[in-house]
Amino acid sequence: MICGKLSDFETMRLAPLGGAVIQAVAWIRNLPANPKEGRYPLDGNGLYALVLSYKTGPARSSRYETHRKYADLQYTMTGAEGIDWAPRESLAPDGEYNAEKDLLFHRPGPAFGRVVNAAGFFSFYTPVDAHRPKIRIADHAGVLKVVVKIPVDHLALAGCSP
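Here the structure is a predicted model, which is why all the values come from computation and not from measurement.

The next thing to look at is the overall build of the protein. Along the backbone of the protein there are one helix and ten strands. Going from N to C terminus, the protein has its helices and strands arranged as β-α-β-β-β-β-β-β-β-β-β. In summary, the protein has a C-alpha radius of gyration of 15 Å against a globular reference of 15 Å for 162 residues, a match within 12%. With 162 residues in all, the protein has 47% of them scored as buried. For the protein, the distance from the average position of its 19 positive side-chain charges to the average position of its 16 negative side-chain charges is 4 Å.

See below:
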């Protein structure tokens, strides 16, 4: 898991993540201030973005999830949310893997860390990173965010396979 302010992407020297991540960051930077919710294809090879708006709540109301085929670049446009992180191997599955949605939920377990994604901040999760979004932070009852789904075979990192 990697997190930071999107404006610091180059300073953080994250370009080695690969061209798909650079493309995702450029797409986010070109969004209007209040984009329409929905799914946006970014290329013809499986890279796409979801613009989402939702209410946040207590951690117990959210679930850990992992993906096998995609990494998530999650960027907050307005509001804020907490996202708990834990190594995938530390959590037991909660149901079967849904290949169509590339989604596996996990049973509750201890968080190894919590990211606060406020406006302008991002977090990046590979298939080994269980993450539990939608956690209320202070007075922020909701969030407008972008989740770019990056196929793992587009990443330039070793060790990110499902």
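The structure having been displayed, the exposition proceeds.
Once that is clear, we can look at the layout of surface pockets. Put simply, the largest pocket is a space of about 540 Å³. Considering the residues around the largest pocket, the lining is formed by 25 residues, among which Leu50, Glu65, His67, Leu103 and Lys149 are closest to the centre. For the lining of the largest pocket, the elements supplying multiple residues, two or more each, are strand S3 (48-55), strand S5 (70-87), strand S9 (129-135) and strand S10 (142-151). Looking at the lining of the largest pocket element by element, the count peaks at four residues for S3. Looking at the lining of the largest pocket, its residues break down into ten nonpolar, four polar and eleven charged.

Moving on, we get to the pairing of S10. A large share of S10 lies buried, amounting to nine of its ten residues. Relative to S10, S3 runs antiparallel, the two being bridged by eight bridges. Residue Ala49 lies in a different strand from S10, and its bridge partner there is Val148. Across nine bridges, the pairing between S5 and S10 is antiparallel. Along S10, the bridge assignment pairs Thr78 with Leu144.

Unusually for a residue other than glycine, Lys134 sits at a positive phi of about 75°. Turning to its location among the elements, Lys134 is positioned in strand S9. Lys134 gets classed as partly exposed once you look at its relative accessible area, which sits at 41%. One non-glycine residue, Ala138, adopts positive backbone phi at about 50°. Mapping Ala138 onto the fold places it in the loop between S9 and S10.

Definitions and limits used
- Residues numbered from 1 in each chain as written.
- Predicted model: local features only at pLDDT ≥ 70, side-chain atom pairs only at ≥ 80, totals over all residues.
- Heavy atoms only, no water.
- Helix = DSSP H or I, 4+ residues; strand = E, 2+ residues; numbered from the N terminus.
- Rg over C-alpha atoms; globule rule 2.2 N^0.38 Å.
- Buried < 20%, exposed > 50% of the residue type's maximum accessible area, 1.4 Å probe, protein only.
- Lys, Arg positive; Asp, Glu negative; His and termini not counted.
- Charge placed at Lys NZ, Arg CZ, Asp CG, Glu CD.
- 1 Å grid on protein atoms, 1.4 Å probe; cavity = no way out; pocket = protein on both sides within 12 Å on 5 of 7 lines; lining within 4 Å.
- Points joined across faces, edges and corners; volume = space filled by probe spheres on them.
- Nonpolar A, V, L, I, M, F, W, Y, C, P; charged D, E, K, R; others polar.
- Pairing = 2+ DSSP bridges.

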